[in-house]
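Single-letter residue listing:
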Protein chains: 2
Amino acid sequence: MEQVPVQVVSETKSHGGTQGVYGHPSAATGTEMTFSVFVPDRPEGTKLPVLWYLSGLTCTHANVTEKGEFRAACAEAGVILVAPDTSPRGDDVPDDADKAYDFGLGAGFYVDATQEPWARNYRMRSYVESELPELIATIFPADMARQGITGHSMGGHGALTIALRNPGRFRSVSAFAPIVSPLNCPWGDKALGGYLGPDRAAWREYDACALIADGARLPNLLVDQGEADGFLAEQLKTQLLVGACAKAGIEAAIRMQPGYDHSYYFISSFMAEHVAWHAGHLHRG
Amino acid sequence: MEQVPVQVVSETKSHGGTQGVYGHPSAATGTEMTFSVFVPDRPEGTKLPVLWYLSGLTCTHANVTEKGEFRAACAEAGVILVAPDTSPRGDDVPDDADKAYDFGLGAGFYVDATQEPWARNYRMRSYVESELPELIATIFPADMARQGITGHSMGGHGALTIALRNPGRFRSVSAFAPIVSPLNCPWGDKALGGYLGPDRAAWREYDACALIADGARLPNLLVDQGEADGFLAEQLKTQLLVGACAKAGIEAAIRMQPGYDHSYYFISSFMAEHVAWHAGHLHRG
């Protein structure tokens, strides 16, 4: 087996498992990347299913790791949770000229950029879709035949689009307050326009609603969306996903949650339910 | 009713309740103080029991509010959780000359300082024992006849000593990795020496083991302590509390937890159990 150069940043006992943070040089992004993995205690030699959590704008692996409240549920259900970063990092990585929160560092949008100066490092699609799964399969007790995926906001967009482009890979797909159609919101205009250029046809593979309209399908779907989320009307547009799923006949539970906003106070409120829902699919058969 | 000048910093829906952060001018400390309160949804007009959580060195209200994972358990049990700050704050508040983490700002030790320049602002005992409870009783749906108290490290010390000095006030007392005897550790030497002066007889009312030896009692006690906690041997010395409780006949469950450290990864692992344990006492009778 090839040596995998992964550095242990920290490994901490928590909730009857081990919360780790790891660093490694990424071939996809050409940078050092950091990610976190929670592994429940288990009988030696056994493998556990994997739930991917993709984070939203401005986040690193750390936000969900500290505030996501997933460990009790993952330990209870026997599910590994992997949380990647949201963009390449480092002094050499180009950032938005105005250091805006919604482009550049912390805002990789899970795309492989084609436009300069972004194309060299901003390859979070390849990183999350290909490179990191191979690494996880190599060094963790992960049963890659049993994967689920979820995410928040930009990470919900990432979860939906990665699942739609990789049929059969995920047994379960969920999201918290996802961006459902970058073709139809200012965040999407800025990010996909910047990373992919003005040809909007090239954006469709990064738009959950467009992918569904073009024939892609999900095995199932659980979405929670706060009704008091300040980004709902202009950026998230949950109803576009409701419509796309209905038209395509995708089994989807898309739940509007009165009073909840866009923060980790919202995410953590529904995290245990999402983990248990994924576990139900991941432990089946 | 006198007007209570409390400013709402934020109120956020979470876990079927409201997580608030509030600011107010404190008469005890002579400064603005910030605290957080989680109030589960409840039938209008009803009051809920209160669990106090006192934080450790370097913390504000925010650490447990973000990382403590108490809300699901508090909502389930119908318990309000109050989290005060750990010291006075502000440009005019004196701090440790070297800005050390274990004295001055973030390190109030829940004492009323008698030494200059600390005596003016460092009055966290009066703040947490008297002023803040009156305020909580006034503006929240809190049943002050049903209170429990817990805390972490320096806050565990605070919880134990406040409960020991106020017999009958708390129906339940617990702690995470508490400093059990400031008379017998470097943190205690520095903090109590600084705030109270060299007369160690004056420290005894701020030392859980000394208070017990001097006749104070607790109604019950639940303590969790990580065996991989780097502060255990030199600062926390859990066995002193085990001995004091045994000698005094205090009903105490003091549990050593293999592999756990001193962080919120440890605290959050056992938080739900502590909340449920308190709720069992608070909802009784």
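Residues numbered from 1 in each chain as written. Chains lettered and ligands numbered in written order. Predicted model: local features only at pLDDT ≥ 70, side-chain atom pairs only at ≥ 80, totals over all residues. Heavy atoms only, no water.

1. Regarding the layout of surface pockets
Think of a ball as big as a water molecule: rolled over the atoms, this probe shows where empty space is left. To keep things clear, this is the line we draw: Cavity: a set of points on a 1 Å grid over the protein atoms alone where a 1.4 Å probe fits but cannot get out. Pocket: an open set with protein on both sides within 12 Å along at least five of seven lines, its lining residues, like those of a cavity, having an atom within 4 Å of a point. Grid points are joined across faces, edges and corners, and a volume is the space filled by probe spheres set on the points. Numbered from the N terminus, helices here are DSSP runs of H or I no shorter than four residues, and strands are runs of E no shorter than two. Throughout, the ten residues Ala, Val, Leu, Ile, Met, Phe, Trp, Tyr, Cys and Pro are labelled nonpolar, Asp, Glu, Lys and Arg are labelled charged, and all others, Gly among them, are labelled polar.
Estimates place the volume of the largest pocket at around 360 Å³. Contributing to the lining of the largest pocket are 18 residues, with Ala72 and Ala73 of chain A together with Glu69, Ala72 and Ala272 of chain B lying nearest its centre. Taken together, the elements giving at least two residues each to the lining of the largest pocket come down to helix 2 (71–77) and helix 9 (264–282) of chain A together with helix 9 (264–282) of chain B. Tallied by class, residues from the lining of the largest pocket come to 7 nonpolar, 6 polar and 5 charged.

2. Section: helix 8 (residues 238–248) of chain A
All names here are of chain A. Quick note on the threshold: Working definition: with a 1.4 Å probe on protein chains only, accessible area under 20% of the residue-type maximum means buried, over 50% means exposed, and in between means partly exposed. Read the arc as the range of directions from the helix axis to the C-beta atoms. Contact definition: two residues touch when any of their heavy atoms are within 4.5 Å.
All of the buried residues in helix 8 are Thr238, Leu241, Ala244 and Cys245. End-on view of helix 8: buried residues confined to an arc of 125 degrees, all on one side of the axis. Set apart from the buried face of helix 8 by more than 90 degrees, the exposed residues are Gln239, Ala246 and Lys247. Of the surrounding secondary structure, the elements contacted by the buried residues of helix 8 are helix 4 (154–165), helix 6 (208–213), strand 8 (221–226), helix 7 (232–236) and strand 9 (252–257). Residue Gly249 follows helix 8 closely and has a positive phi angle near 70 degrees.

3. Things to note about helix 4 (residues 154–165) of chain B
Residue and element names in this part refer to chain B. Which entries qualify depends on this criterion: Residue count minus one, scaled by 1.5 Å, sets the expected span of a helix.
Between its first and last C-alpha atoms helix 4 spans 16 Å; for 12 residues at 1.5 Å apiece the expected length is 16 Å, and the two agree. Counted residue by residue, helix 4 has 12 buried out of 12 residues, so it is predominantly covered. When helix 4 is considered as a whole, its buried residues turn out to be Met154, Gly155, Gly156, His157, Gly158, Ala159, Leu160, Thr161, Ile162, Ala163, Leu164 and Arg165.

4. Examining the relation of the copies chain B and chain A
Selection rule: Only residues with pLDDT of at least 70 in both copies contribute their C-alpha atoms to the least-squares superposition of the copies.
Expressed as a screw transformation, the operator carrying chain B onto chain A has a rotation angle of 180 degrees and an axial translation of 0.0 Å, and the superposed copies differ by an RMSD of 0.0 Å. In symmetry terms, the pair is related by a two-fold rotation axis. Closest approach to the rotation axis among the C-alpha atoms of chain B is made by Lys67 of chain B, whose C-alpha sits 2.7 Å away. A shared interface surface links the copies, since 100% of the contact residues of chain B are contact residues in chain A too.

5. Looking at empty space enclosed by the protein
Residues and elements named next belong to chain B. For the structure on display, the rule yields 1 cavity of 30 Å³ or more. The calculated volume of the largest cavity comes to roughly 40 Å³. Every residue lining the largest cavity is listed: Trp52, Val128, Glu129, Pro133, Gln147, Ile149, Ile162, Arg169 and Phe170. Those elements that provide at least two residues to the lining of the largest cavity are helix 3 (124–139) and strand 6 (142–151). Of all the elements, helix 3 adds the most residues to the lining of the largest cavity, at 3 residues. For the lining of the largest cavity, the per-class residue count stands at 6 nonpolar, 1 polar and 2 charged.

6. Notes on the sheet that holds strand 4 (residues 48–54) of chain A
All names here are of chain A. Under the convention used in this document: A pair of strands is labelled paired if DSSP reports no fewer than 2 bridges between them. Convention adopted: a line fitted to C-alpha atoms gives each axis, helices being fitted over their contacting stretch, and angles between N-to-C directions are expressed from 0 to 180 degrees.
Strand order in this open sheet of 9 strands is 1-2-3-5-4-6-7-8-9, and the pairing throughout is mixed. Of all strands in the sheet, those with a lone pairing partner are strand 1 (7–14) and strand 9, marking the two edges. Between one strand axis and the next, the sheet turns through 20 degrees on average, direction left out of account. Direction of pairing for strand 1 relative to strand 2 (residues 17–25): antiparallel, over a ladder of 7 bridges. Looking at strand 2, one finds that Thr12 is bridged to Gln19. Seen against the sheet, helix 3 (residues 124–139) touches strand 2, strand 3 (32–40), strand 4, strand 5 (80–84) and strand 6 (142–151) and runs at an angle of roughly 50 degrees to strand 3. The strands that helix 8 touches are strand 8 and strand 9; relative to strand 9, the one it contacts most, it runs at about 155 degrees.

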